[in-house]
Amino acid sequence: MTEKVRSFLQKYPYAWVVSYFIFYLAWFVWVESRASKPYHVIHFPLDDYIPFCEYFIVPYLLWFVYIGAVYVWLFLKDRERFFRYIAVLYTGMTLFLIVSTVYPNGHLLRPTEFDSDSIFIRLVCFIYWADTSTNILPSIHVFNSIAAHTAVMRTPGLRDKKWTVWGSRILCVSIILSTMFLKQHSCVDVISGILLAAAMNYAVYRTGFLVKAHDLVGKLVGHHRYFSPAFSRKIHRAAKDAEI
């Protein structure tokens, strides 16, 4: 087992970036622990016209598979696009935590009673229990879904497959809709998630943002061959050329 782990780390020396999720989950749990404290209510008039639909729990839960599948595929198959993907993902998720910390927020949209006890309703109840209706701005479900679909559309090994593209597109849209039809999020959360995703995707894929970020990391870790400024410029030459 030790030999396999050593071999894996030699092949994927950047595996340490996965440790970000330890940091994220620890901070997220702390933020959730403050759910009982006062928070700013997020609401938009359009929210009142969107009906509750328990069937949207399916794409809502598939979000975890969707984000993870793109993450693992890029990690194993396309290192350059993987770094772009996590640059968007990690930055957005960190900003989400910062906003939730300095501006506690939530909504009062969730239904308190249900007409049936179907498997869909049970799953909704589980989500309501596991993920409170606080710290919802912006929607991380929306942000990460757009980040994943953008990664799919910009990766040759994925965008060349018709069913992969259509599957990703349908799943991305349905996940975004699910956040509102399950009353997990307000339209404000969704719109802010879309705008943040658009800004981050533009910065990472159309400017030299990622090159500069790798330059900074390269200085911090010295002459490590996987994170030096020279390496960052090499794998992100397209981003550098597109800088305006």
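Anyway, here's the lowdown on the structure attached to this text. (Residues numbered from 1 in each chain as written. Predicted model: local features only at pLDDT ≥ 70, side-chain atom pairs only at ≥ 80, totals over all residues. Heavy atoms only, no water.)

**Concerning the pattern of salt bridges**
Side-chain pairs of opposite charge can arise whenever the charged atoms involved come near each other. One pass over the full model with this rule turns up four salt bridges. Between Arg81 and Glu80 there is a salt bridge, with its nearest N and O atoms 3.7 Å apart. What makes Glu80 partly exposed here is its relative accessible area of 23%. Of the charged contacts in the structure, one is a salt bridge between Asp117 and Arg122, with a shortest N-O distance of 3.1 Å. (Salt bridge = Lys/Arg side-chain N within 4 Å of Asp/Glu carboxyl O. Buried < 20%, exposed > 50% of the residue type's maximum accessible area, 1.4 Å probe, protein only.)

**Some words on the packing of aromatic side chains**
Applying the stated criterion to the full structure yields 25 aromatic pairs. Each ring, one from Phe8 and one from Phe75, has its centre 6.1 Å from the other, and the planes form 20°; the classification is stacked. A residue pair is termed long-range when its members are at least 10 positions apart, and Phe8 in helix 1 (residues 2-11) and Phe75 in helix 3 (residues 57-77) qualify at 67 residues. Where Tyr20 meets Phe23, the ring centres are 5.5 Å apart and the plane angle is 50°; that geometry is what we call tilted. Within this pair, Tyr20 and its partner Phe23 are both found in helix 2 (residues 20-32), separated by three residues, close to a single helical turn. Residue class for Tyr20 comes out buried when judged on its relative accessible area of 11%. Cation over ring: Arg169 sits above Trp166, and NZ or CZ is 4.8 Å from the ring centre. (Phe/Tyr/Trp six-rings, centres within 6.5 Å; stacked < 30°, edge-to-face > 60°. Helix = DSSP H or I, 4+ residues; strand = E, 2+ residues; numbered from the N terminus. Lys NZ or Arg CZ within 6 Å of the ring centre and 35° of its normal.)

**Focus on helix 8 (residues 162-181)**
What sets the pattern is the α-helix's 3.6 residues per turn: residues three or four places apart point alike. Spanning 20 residues, helix 8 covers 28 Å between terminal C-alpha atoms, matching the ideal 28 Å at 1.5 Å per step. When we look at burial in helix 8, the residues that qualify are Val165, Ser168, Leu171, Cys172, Ser174, Ile175, Ile176, Ser178, Thr179 and Met180. Buried positions along helix 8 lie against helix 3, helix 6 (140-153), helix 7 (156-159) and helix 9 (187-206). Immediately downstream of helix 8, the backbone of Lys183 shows phi near 65°, a positive value. (Expected span 1.5 Å × (residues − 1). Contact = heavy atoms within 4.5 Å.)

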